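What the coordinates show
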Amino acid sequence: MSDTTFLGMPAFPVAARDALRDSQLRGNLARATGTIRTRRAAAVGEQDDWEELREAGRALKERTLRHLDRYLLQLEEKVTAAGGQVHWARDAEEARRIVVQLVQDTGEREVVKVKSMVTQEIGLNEALAEAGIDAYETDLAELIVQLGHDQPSHILVPAIHRNRAEIREIFLRSMGEYGTPAPAGLDDDPRRLAEAARRHLREKFLRAKVAVSGVNFLVAETGTAVVVESEGNGRMCLTLPETLISVTGIEKVVPTWQDLEVYLQLLPRSSTGERMNPYTSTWTGTTAEDGPRTFHLVLVDGGRTDTLADPVGRQVLNCIRCSACLNVCPVYERVGGHTYGSVYPGPIGAVLSPQLRGTDSEADRSLPFASSLCGACYEVCPVKIDIPRVLLHLRARVVEQERERRLPKPERLAMTAARWVLTRPSWLSAAQRAGGLGSRLVARRGRLGRLPGPLSRWTDTRDAPVPAAESFSAWWRRTHPETRRPARRRQS
Amino acid sequence: MRIALFITCLNDTLFPATGRAVVTLLERLGCRVEFPQGQTCCGQMHFNTGYQRDCVPLVRRFTEVFAGYDAVVTPSGSCAGMVREQYGRVAELSGDARLSTAVQEAPPVYELSEFLVDVLGVTDVGAYFPHRVTYHPTCHSLRMLGVGDRPLALLRAVRGIDLVELGAAQQCCGFGGTFALKNADTSVAMCTDKVRHVLDTGADVLCAGDNSCLMHIGGTLSRLRTGVRVMHLAEILASTETGPDHAAAAASAGVTGPAARRAVERTKTP
């Protein structure tokens, strides 16, 4: 994944602290996620066979991933036969090199882009800029992000952290630098804002000779690429330029059109709460006299094969990027997307990024812990990714990785101590007695207001309960002498 | 039927009144409850924090302590969820085939409301609790166990209760075990919204089936001196016209939250 996009992101808890202070962000997120949540619930609620659809979505992905090698080769063969060219990129660097070269071969100095998470994942815009090529985002929200010199913070609505007043300001300030300026006297009426964006983008669409797109699905049996979007800007990108370069991950393949049907039902209801997606573009290679003359498909691995090798972790490759998990996540709703330090935010990002990028950085190691394990994400996932389970799996991986450190962290010592006590009931009783006695000495009016060390992170904002004078076990032994028997001395 | 109570380490140490309420309630419903000695912790804290290997001896202990019972009942949705959802995985991870077998053969573990409604087949447990109460469905009981509206059905049948609906009830309170310490700021932000919804109800008592979540929300309610107290479902269901009315006792003690329990205990300890 890109080293450039979110370089030097701090660990999640530190980034969260700043985000939580941003009242504008908090308000925007609460309103936006609340609205999408309600809309999704309504759209899903009216589908009687939703659970069967989810199960089909999961099973089809799982089967496809099991035979991914076969489907990818079939896809390559069909795309090539239809006049397209397929390029394989092992990692982000290779993918960047391929795309930059393809653009340079056309002799053009600018490209229009339509929403592609993978190009953000690989840091393509930065690589293009370095090669002197201007890349213009044409998805409305991506345009807002680009003009604001910002990062996307949501999978579906990358500018969810901006409200219309901020968008107006960004348009007025930055549109002129990139092309058609915003009309003077632009207000924050959504229709006027959309009109300003339309005028700005129209010029780009009509001029551009090269487009770079993402892909939602790839149908192996015919070599067809599918893009699903709501604005029609994608359709412009996919049809007007002479050269189309589509960049995507190897996991996007589905075997047949019949399989696609399942996802075209699951995706719009899960992501925007719509029954049907507004603009679904499909294309197979190139067509004479219609659309791009040249079509390149760049298939990126970027850690996906490694992820596929992990029996628990591989289910994240089922993801169809609907963002339902973000919209229901109580953590995401409060900290926003930037806190996750990756183009993939929210619960899915917390399980995807540490697998695609590895857990070498502190930021990536902190991601699996950025969840209260409430399970709301799993409940809504249209392809049934058990995100809490993968989070726990990755937490264990991080802990095992840290086990190799010579000096154990205080947390490890505490966990080991807890295991000792909890595997020796007599020690537990002693600890309960000591804890009860100790805390009653420091408690004021029955409350523990301040605890030392890491426990202060609890008592900074919450009172702590005072351990009971008599534990339940002690009460039971006292009141039920007949059941009393020595605690087993089994040890850890 | 041999019924074993799994009290959980948190309740044993911090909230013994909940355990006593479970015993009172089940005995009132005609059950004989046993409390197997040597039980400690389900291992959830270790497992959920990534210390899965440290969890193995706790899983082994649990299967040994509760072997031979017909049912295990526990006043915690998340601990029940740990045993039901994760024990098989821990056993598999340990590579110990005997542990896997022991987990498979372990008695069924029921969260309290499941035990009452599904096993005993009751919703009216004969409780009396004349207070305004709102109920927070904890995440693990809701999504891991799928207890559904069992706790609400039980509460609705309580005489004298003024049960009010909690806004955004299904949203997590932000406890999440070690999440509350590792991501304290986010945890607090989540809890603040939960508390706002609780206060909006005008309830005197916030009820839930997990004292861990109640410790978190209650700790915040107490710090803010809101006067709203928290009670485990078992304690409300154990209250009768003549029996222990924990809330009334707590109110008379003039303190709230966990401290109230302590005050209650003090008055009761013979």
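Residues numbered from 1 in each chain as written. Chains lettered and ligands numbered in written order. Predicted model: local features only at pLDDT ≥ 70, side-chain atom pairs only at ≥ 80, totals over all residues.

Focus: the domain arrangement of chain A
Along its sequence, chain A is organised into domain 1 (52-305) and domain 2 (421-483). Each of domain 1 of chain A and domain 2 of chain A has a C-alpha centre, and the two are 57 Å apart. (Domains from an automatic or database assignment.)

Structural notes on the domain arrangement of chain B
Residue and element names in this part refer to chain B. On domain assignment, one finds that chain B holds domain 1 (3-119) and domain 2 (132-268). Of the residues lining the interface, 27 residues belong to domain 1; the matching set on domain 2 comes to 28 residues. Put simply, the parts of the chain that give the side of domain 1 that touches domain 2 at least two residues each are helix 1 (9-14), helix 2 (16-28), helix 3 (44-49), helix 5 (77-94) and helix 7 (112-119). Class assignment of the residues belonging to the side of domain 1 that touches domain 2 gives a composition of 13 nonpolar, 11 polar and 3 charged. (Contact = placed C-beta atoms within 7 Å. Helix = DSSP H or I, 4+ residues; strand = E, 2+ residues; numbered from the N terminus. Nonpolar A, V, L, I, M, F, W, Y, C, P; charged D, E, K, R; others polar.)

What to know about the sheet that holds strand 4 (residues 109-111) of chain B
Residue and element names in this part refer to chain B. If you walk across this open sheet you meet the 4 strands as 2-1-3-4, and the pairing is parallel. Each edge of the open sheet is held by one strand with a lone partner, namely strand 2 (33-34) and strand 4. Across 3 bridges, the pairing between strand 3 (residues 71-74) and strand 4 is parallel. Bridging from a neighbouring strand, Val 72 pairs with Val 109 of strand 4. (Pairing = 2+ DSSP bridges.)

Digging into the interface of chain A and chain B
The partner chain B presents 60 residues to the 60 residues of chain A that form the contact. Taken together, the residues that form the side of chain A that touches chain B break down as 32 nonpolar, 13 polar and 15 charged.

Things to note about helix 7 of chain B
Residues and elements named next belong to chain B. Burial runs high along helix 7: 6 of the 8 residues are buried. Every buried residue of helix 7 is accounted for by Leu 112, Ser 113, Glu 114, Phe 115, Leu 116 and Val 117. Looking one or two residues past helix 7, Gly 121 carries a phi angle of roughly 70°, positive in sign. (Buried ≥ 20, exposed ≤ 12 C-beta atoms within 10 Å, placed from the backbone.)

A closer look at the packing of helix 5 of chain B against helix 6 (residues 97-105) of chain B
Residues and elements named next belong to chain B. Axis separation between helix 5 and helix 6 bottoms out at 7 Å; the angle between their running directions is 165°. By the angle class used here, helix 5 and helix 6 are roughly antiparallel. Relative to helix 6, helix 5 is oriented so that their crossing is left-handed. Taking contact as the criterion, the partners of Tyr 87, Gly 88, Ala 91, Glu 92 and Ser 94 in helix 5 are, on helix 6, Leu 99, Ser 100 and Val 103. (Axes fitted to C-alpha atoms, helices over the stretch in contact; angles between N-to-C directions. Parallel < 35°, antiparallel > 145°, perpendicular 65-115°, else oblique. Left-handed = near helix turned anticlockwise from the far one by under 90°.)

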